[in-house]
Amino acid sequence: MTLDLDDIAAHLTDSPEQADALIDLSNVVRDTAIGGPHARSLDRLGLVLDALARRTGDRNATAYALADRSLRHQVHEYPDRTEPALLVAWIESGLVEELPDADERLLDLAEGLGLPVISRDGFADFRLTHPWIQGNTTQFLSPVPTPVRAVKLAERDMGIRSPAQISRKLEESDLKAHGLLAGRNRRPMTEVVRRHWRCPERSCTLYDSHRGSAVRLPRMKRGVPVCEVHRTPLLDDGPRTGIAQLKLLVEGDCVHRFTLDVDSTVILGRDPGSGGISLYDHIDPERLRRISRAHLSVQVSAQSLALRNLGGNGTRLRRSGARQSGPLTNEDRVALHVGDTVELAAGIHLARSARRFPAEIAAAWQSSTNRRQTPRSAAATTMLGERATDADSG
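In this report, the structure presented in the accompanying data block is examined. Remember, predicted model here, so these are calculated numbers, not experimental data.

Let us look at the overall build of the protein chain. Regarding its fold elements, the protein chain presents nine helices and 21 strands. Looking at the protein chain as a whole, 49% of its 394 residues are labelled buried. Of the contacts formed within the protein chain by residues at least 6 apart in sequence, a portion of 65% connects residues at least 24 apart.

Strand order in the open sheet made by the six strands is β3-β2-β1-β4-β5-β6, with mixed pairing throughout. Strand pairing shows two members of the sheet lacking a second neighbour, β3 (96-99) and β6 (151-155), which therefore form its edges. In this structure, strand β2 (residues 63-68) lies alongside β3, joined through four bridges in parallel fashion. Note on β3: the bridge partner recorded for alanine 65 is valine 96. Its contacts with the sheet put helix α5 (residues 103-113) on β1 (21-24), β2, β3, β4 (117-118) and β5 (140-145), and the angle it makes with β1 is roughly 165°.

A separate point is the pattern of salt bridges. In this structure the tally under the stated criterion is 15 salt bridges. Aspartate 58 is the salt-bridge partner of lysine 247, the closest N and O atoms lying 3.1 Å from each other. Of this pair, lysine 247 sits in strand β11 (residues 243-250) while aspartate 58 sits in the loop between α3 (43-56) and β2, and the two are 189 residues apart along the sequence. On the accessibility criterion, lysine 247 (0% relative accessible area) is buried. Its relative accessible area of 0% is what places aspartate 58 among the buried residues. For aspartate 284, the salt bridge is made with arginine 287, and the minimal N-O distance between the two is 3.1 Å. Overall, arginine 287 belongs to the partly exposed group, its relative accessible area being 23%. What emerges from the salt-bridge pattern is a single network uniting Asp20, Asp58, Lys247 and Arg257.

What counts, and at which threshold
Residues numbered from 1 in each chain as written. Predicted model: local features only at pLDDT ≥ 70, side-chain atom pairs only at ≥ 80, totals over all residues. Heavy atoms only, no water. Helix = DSSP H or I, 4+ residues; strand = E, 2+ residues; numbered from the N terminus. Buried < 20%, exposed > 50% of the residue type's maximum accessible area, 1.4 Å probe, protein only. Contact = heavy atoms within 4.5 Å. Pairing = 2+ DSSP bridges. Axes fitted to C-alpha atoms, helices over the stretch in contact; angles between N-to-C directions. Salt bridge = Lys/Arg side-chain N within 4 Å of Asp/Glu carboxyl O.

Structure (structure tokens):
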């Protein structure tokens, strides 16, 4: 299965903060292991986006795509001339970010946002400036062909590259870039993401958290965050509160995203009270009756996102790759990982945005197999039951 070229645009976003994954578009389009024999093909992007939807459990999953400027050239390598024209249209509309070489920007976003990267590239020439790539087994996804002309996304073991291997790759990349070494010794992107920034130009609100309608992440130029409009260094405007995202899925469609602050605990349900997350405006009344007033407690930390069932209607958790779901208890908190889905009621699910925090990623590297299992015991489940206490006491 693959998306038609006309349908692909609906699964691309112009905002990396709203994406479920980052796509190394030049790498995917040239990947002859999937999607036919042509040297370049946009059909491969459709296959990858379809695989992302299956992996996340969200048929409307979106990706932020970055491409090298060279991808629009060599039009004879595409199946026909409509594909490079379509690629240019996506670039001009902001659905694809085009750069002379997209790798550095791609890895900056991956490090800062914790988003998975879909690519077969080993990024050996960036392992000195992005040491988090070394030994990473969770954040890079490779498109793998399946027997039914589809692909699945498999987590890659990036391995450890020796200093000699890194050095050789650096020399190759430097030659490719005509000896330009910009950005090799910059400050970590994670430090930049943890701060708010503002442009010194008084009229610019692009990065202003107080006046801007959509605060954007800054671009990096030789280790310094700069305004992409005025090309001037940005001013530090204080710490940025960490966030995580939950997606509300109704029959597989994402109908809303909830943004949660790190170091917070919130109650989610039909009518959770002050400070809670109400599902009232996002689910039809008949389905809503099957969700408790205070259904679920969500605790967010820099290391994890953990859940505890509250309502008498029960909550079920299905781990990524598992065939069956298991019930949550009313006592223990259980970690929710990317790819897991939580069933609140028939057809109503929660899933995590693919964004993960650096501390959580590091913990996953150290123990990629030590995921906490779903408890076997569970609270009694009824059709429309309510627990006596709707507040979270944990």
